[in-house]
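# Secondary and tertiary structure notes
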Amino acid sequence: MPTLRIALAQVNPTVGDLTGNAGIVRSTTRAARDAGARLVVFPEMMLTGYPVEDLVFRQSFVAASRAALERLAADLDGDGLGDTPVAVGFLDADGPPAVNSPTDPSAGARNALAVLHRGRVVARYFKHHLPNYGVFDEDRYFVPGNTLVVVRIDGIDVALTICEDMWQVGGPFAAARRAGVGLVLTVNGSPFELHKDDTRLALVRRRAAEADATIAYLNMVGGQDELVFDGDSMIVAPGGEVLARAPQLAEHLLIHDLDLPLGLLPPPPSTPALAAHSKAELVGDEMGIERVHVSDPHPALPATPLQGGLAGRLSDEAEVWNALVLGLGDYVRKNGFRQVALGLSGGIDSSVVAAIAVDAIGPDAVIGVSMPSQHSSAHSREDAAELAKRTGLEYRVHEIQPMVDTFLTGMSLSGLALENLQARVRGVILMSISNQEGPLVLTTGNKSELAVGYSTLYGDSVGGFNPLKDVPKTLVWKLARWRNDEALRTGEEPPIPERSIEKPPSAELRPGQLDSDSLPDYDELDSMLLSYVDGDQGRADLVAAGHEPEVVDRVLHLVDLAEYKRRQSAPGTKISIKAFGRDRRLPITNRWRETG
Ligand SMILES: Nc1ncnc2c1ncn2[C@@H]1O[C@H](COP(=O)(O)OP(=O)(O)OC[C@H]2O[C@@H]([n+]3cccc(C(=O)O)c3)[C@H](O)[C@@H]2O)[C@@H](O)[C@H]1O
Ligand SMILES: Nc1ncnc2c1ncn2[C@@H]1O[C@H](COP(=O)(O)OP(=O)(O)OP(=O)(O)O)[C@@H](O)[C@H]1O
Ligand SMILES: NC(=O)CC[C@H](N)C(=O)O
């Protein structure tokens, strides 16, 4: 059997940066070619970044993507790399975008994968299955393709597929079996969720069996607003054996020699799709097969076989921590910030956010501000200072009492209004630092607090990004312990003071205030939220699961009421199956209540 040296480029494109992304393709192709690769593969929508959302509706952007692809083909050739086939995702169109009522349902914007060779675009595949659930809206943007594209590279038949194609039964993988290919490429923009790596591996194995072919699964890496792409690319044999696997949440060039069967001689002809193009997806048996010849069997086989290796797997806490670090780091870098600022209360949430920020962009780029009031305990000040000392971040102190008192000379406030004023003065201080010096303000509310609205609007909820937005409080504690243990393991000082982990949570907006005055114990709260928010279960399910009916009623009421706060909350990295935001869309004005 001939050997194909394949390179899977697990790289980090930026949405909208066509020139920069093309630059990544050129430099990575050079590195792969220098290592002897005969096929170099890049992720879904590599040239444009992913997801591009409503940029699809801009004709100028679509035209720029198409032009960038042609230019990239020419540039690779000019770089002396034209002989190496390169598969690269991009935004294509063969008609106007399909908004609301398309005039022609068989043409429009396409989520596409091209093969470039000798200065030309030699093949184009259009994504067949369009995801339209969770964070995905691809039915809004794209028209599905109905033809599997098979390229013959070095005499080996290779089928092209894109992300969601792998998540559905039938379709391109059934067509690939019919086409008798040796290898299926699947290029992805698949966002991180805890435990999704196991789901993907099982799926890749199932599709390898369905296609009776080796699968080269490539996922991008990096943060894009709320999403983090976690890489974890892999190559799986038809029998399910994992031949090579790239690291999670890191850039990597996975190069591996694959022994694959030669395609039939003469090659079978292309066959048209059985049905006309339509918005509806065709099953595999109905898909057309387009065959493109790229190169004949390669005479010079690699001297010594190259194995991509099997990268070690991360623990659950390490996965989440690294995803949060990458999500924040890329948000900061890709949006042009040089620093972040956050309020340090000495509590667990701000301590964990500070440690994530230090890991993401370094201590010199993190400003931690202690803003004590008359209700702040001595330990909250000491613990904030201790965290700053341990992490090396820039530490500042702004006493808020004089500002609160000055405000009260102009307006008389009491009770909740006075309590919230303190959080709002802190928000004003942080936004003033941002306006004056430029750092991005981080807000620190965890998923449990966001769920029940336990934050002050325009107070501690101010900020441009929230690393803990999708992290329940009980997981915040686990992450803190994991990060400290990790430091001990590597001989560093644990970043988070032990007392910040151990103390009972408190907003310290009035004397002796504790979270437990207003909320159930966090173990119980998180268990209820997992059912109600992530699982969309109703009151009866929660009561049947053993929660007290009165507590269920109170929590569900709080969650329902806080929709308005969540709708105007900062974005934050998604780590769960259902993150607040696009994954969970509820009306604010809503009289439906779960009742007993
Ligand atoms: N449907 C709706 N659409 C749009 N806006 C709506 C609204 N309903 C109320 N509002 C507005 O929202 C205001 C109430 O919200 P807000 O001003 O935030 O005040 P509120 O939610 O009443 O109070 C904040 C709560 O969060 C707690 N807290 C504060 C700070 C930190 C922490 C912590 O530990 O993390 C906890 C604090 O102890 C208190 O229980 C109303 O005065 C009204 O203006
Ligand atoms: N004394 C303070 N100094 C600086 N920032 C503060 C202070 N108190 C609150 N904050 C900011 O407001 C956020 C809300 O914190 P608060 O203490 O009210 O409740 P929390 O949700 O338990 O957070 P944490 O665990 O960080 O204390 C904090 O994470 C912090 O960013
Ligand atoms: N880009 C896509 O098509 C992603 C959809 C797919 N279900 C995933 O999450 O991996």
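Computed from a predicted structure; not experimentally measured.

### Observations regarding the overall build of the chain
Each helix and strand counted, the chain has 18 helices and 19 strands in total. Its C-alpha atoms give the chain a radius of gyration of 27 Å, near enough to 25 Å, the size a compact globule of 596 residues would have. Looking at the chain as a whole, 50% of its 596 residues qualify as buried.

### Re the sheet that holds strand β14 (residues 252-259)
A sheet is described by the order of its strands in space; here six strands give the open sequence β5-β4-β3-β2-β1-β14, paired in mixed fashion. On the outer flanks of this sheet lie β5 (120-126) and β14, each paired with one strand and no other. Each strand axis lies, on average, 30 degrees off the axis of its neighbour in the sheet, ignoring direction. Sheet topology places strand β1 (residues 3-10) next to β14; eight bridges connect them, and they run antiparallel. Among the inter-strand pairings, Arg5 is bridged to a residue of β14, identified as Asp257. Contacting β1, β2 (39-41), β3 (86-93) and β14, helix α1 (residues 18-34) crosses the sheet at an angle of about 45 degrees to β14. Strand contacts of helix α2 (residues 59-78): β3, β4 (109-117) and β5, with the helix running at about 155 degrees to β3, the strand carrying the most contacts.

### Observations concerning unusual backbone geometry
Geometrically, the link from Tyr50 to Pro51 is a cis peptide bond, its omega value of -5 degrees lying close to zero. Here Pro51 lies in the loop between β2 and α2. With an omega of -10 degrees, the peptide bond between Leu265 and Pro266 qualifies as cis. One can find Pro266 in the loop between β14 and β15 (288-293). At Tyr458, a position not held by glycine, the phi torsion is positive, near 60 degrees. For Tyr458, the position within the fold is in the loop between α11 (447-452) and α12 (473-489). Assessed through the 13 C-beta atoms surrounding it within 10 Å, Tyr458 is described here as partly exposed.

### A look at the environment of Pro85
With respect to the element layout, Pro85 can be found in the loop between α2 and β3. Overall, Pro85 belongs to the buried group, with 24 C-beta atoms counted inside 10 Å. Taking the C-alpha atoms as reference points, Pro85 and Ala423, 338 residues apart in sequence, are found 57 Å from one another. The residues touching Pro85, leaving out its near neighbours within four places in the chain, are Leu39, Val115, His117, Ile153, Val294 and Ser295.

### Concerning the confidence of the model for the chain
In this model, the chain carries an average pLDDT of 95, and 96% of its residues clear a pLDDT of 70 or more. As a predicted assembly, this complex carries a pTM of 0.95 together with an ipTM value of 0.87.

### Structural notes on the sheet that holds strand β12 (residues 234-236)
If you trace the seven strands from one edge of the open sheet to the other, you get β13-β12-β9-β8-β7-β6-β15, paired in mixed fashion. Of all strands in the sheet, those bounded by a partner on one side alone are β13 (242-245) and β15. The sheet shows a mean angle of 20 degrees between the axes of neighbouring strands, taken without regard to direction. For strand β6 (residues 147-153) and strand β7 (residues 156-162), the ladder comprises five bridges, and the chain directions are antiparallel. Paired with Val151 across the strands is Val158, a residue of β7.

### Here we look at the UniProt feature "binding site: L-glutamine" (unreviewed entry) in the chain
UniProt records the feature "binding site: L-glutamine" (unreviewed entry) at Tyr133, Ser190 and Lys196, using the numbering of this structure. Inspection of the secondary structure assignment puts Ser190 in the loop between β8 (183-188) and α5 (196-211). Non-local contacts of Ser190, meaning those with residues more than four positions away in its chain, are made with Cys163, Arg200, Asn219 and Phe229. Residue placement: Lys196 occurs in helix α5. Residue classification places Lys196 among the partly exposed residues on the basis of 17 C-beta atoms within 10 Å.

### Details of the site of ligand 2
The local shell around ligand 2 holds 21 residues, among which Gly343, Ser345, Gly347, Asp349 and Ser350 are the closest. Listing elements by their share of the shell around ligand 2, those giving two or more residues are β16 (340-343), α7 (348-361) and β17 (366-370). Split by residue class, the shell around ligand 2 holds eight nonpolar, eight polar and five charged.

### Regarding the UniProt feature "active site" (unreviewed entry) in the chain
UniProt feature "active site" (unreviewed entry): in the numbering of this structure it lies at Glu44, Lys127 and Cys163. For the annotated residues, spread through 120 residues, the largest C-alpha to C-alpha distance comes to 9.6 Å, consistent with a single compact locus. Looking at the secondary structure, you find Glu44 in the loop between β2 and α2. When residues no more than four places from it in sequence are discounted, the contact partners of Glu44 are Tyr50, Gly89, Ile162, Cys163, Val187, Asn188, Gly189 and Met220. Tracing the backbone through its elements, the reader meets Lys127 in the loop between β5 and α3 (138-141).

### Some details on α12
Spanning 17 residues, α12 covers 24 Å between terminal C-alpha atoms, matching the ideal 24 Å at 1.5 Å per step. Looking at α12, one finds that the buried residues are Lys473, Thr474, Leu475, Val476, Leu479, Ala480, Arg483 and Asn484. Those residues of α12 hidden inside the fold are in contact with α6 (316-334), α7, α11, α13 (498-502) and α15 (522-534). Just past α12, the residue Gly491 takes up positive phi, approximately 80 degrees.

### Digging into the site of ligand 3
If you check the shell around ligand 3, you find Glu44, Pro131, Phe136, Cys163, Glu164, Trp167, Asn188, Gly189, Ser190 and Pro191 and nothing else. A breakdown of the residues in the shell around ligand 3 according to their chemical character gives five nonpolar, three polar and two charged.

### Let's talk about the domain arrangement of the chain
It is common to report an interface's size as the accessible area lost on association of the parts. For the chain, the domain assignment lists domain 1 (3-293) and domain 2 (316-514). Contacts between domain 1 and domain 2 engage nine residues on the former and 11 residues on the latter. Listed by contribution, the elements that provide at least two residues to the side of domain 1 that touches domain 2 are β10 (221-224) and β11 (227-230). Here the residues of the side of domain 1 that touches domain 2 sort into four nonpolar, four polar and one charged.

The rules behind these values
Residues numbered from 1 in each chain as written. Chains lettered and ligands numbered in written order. Predicted model: local features only at pLDDT ≥ 70, side-chain atom pairs only at ≥ 80, totals over all residues. Helix = DSSP H or I, 4+ residues; strand = E, 2+ residues; numbered from the N terminus. Rg over C-alpha atoms; globule rule 2.2 N^0.38 Å. Buried ≥ 20, exposed ≤ 12 C-beta atoms within 10 Å, placed from the backbone. Pairing = 2+ DSSP bridges. Axes fitted to C-alpha atoms, helices over the stretch in contact; angles between N-to-C directions. Contact = placed C-beta atoms within 7 Å. pLDDT = per-residue confidence, 0-100. UniProt positions renumbered as here; feature names shortened; annotations may be inferred. Near = placed C-beta within 6 Å. Nonpolar A, V, L, I, M, F, W, Y, C, P; charged D, E, K, R; others polar. Expected span 1.5 Å × (residues − 1). Domains from an automatic or database assignment.

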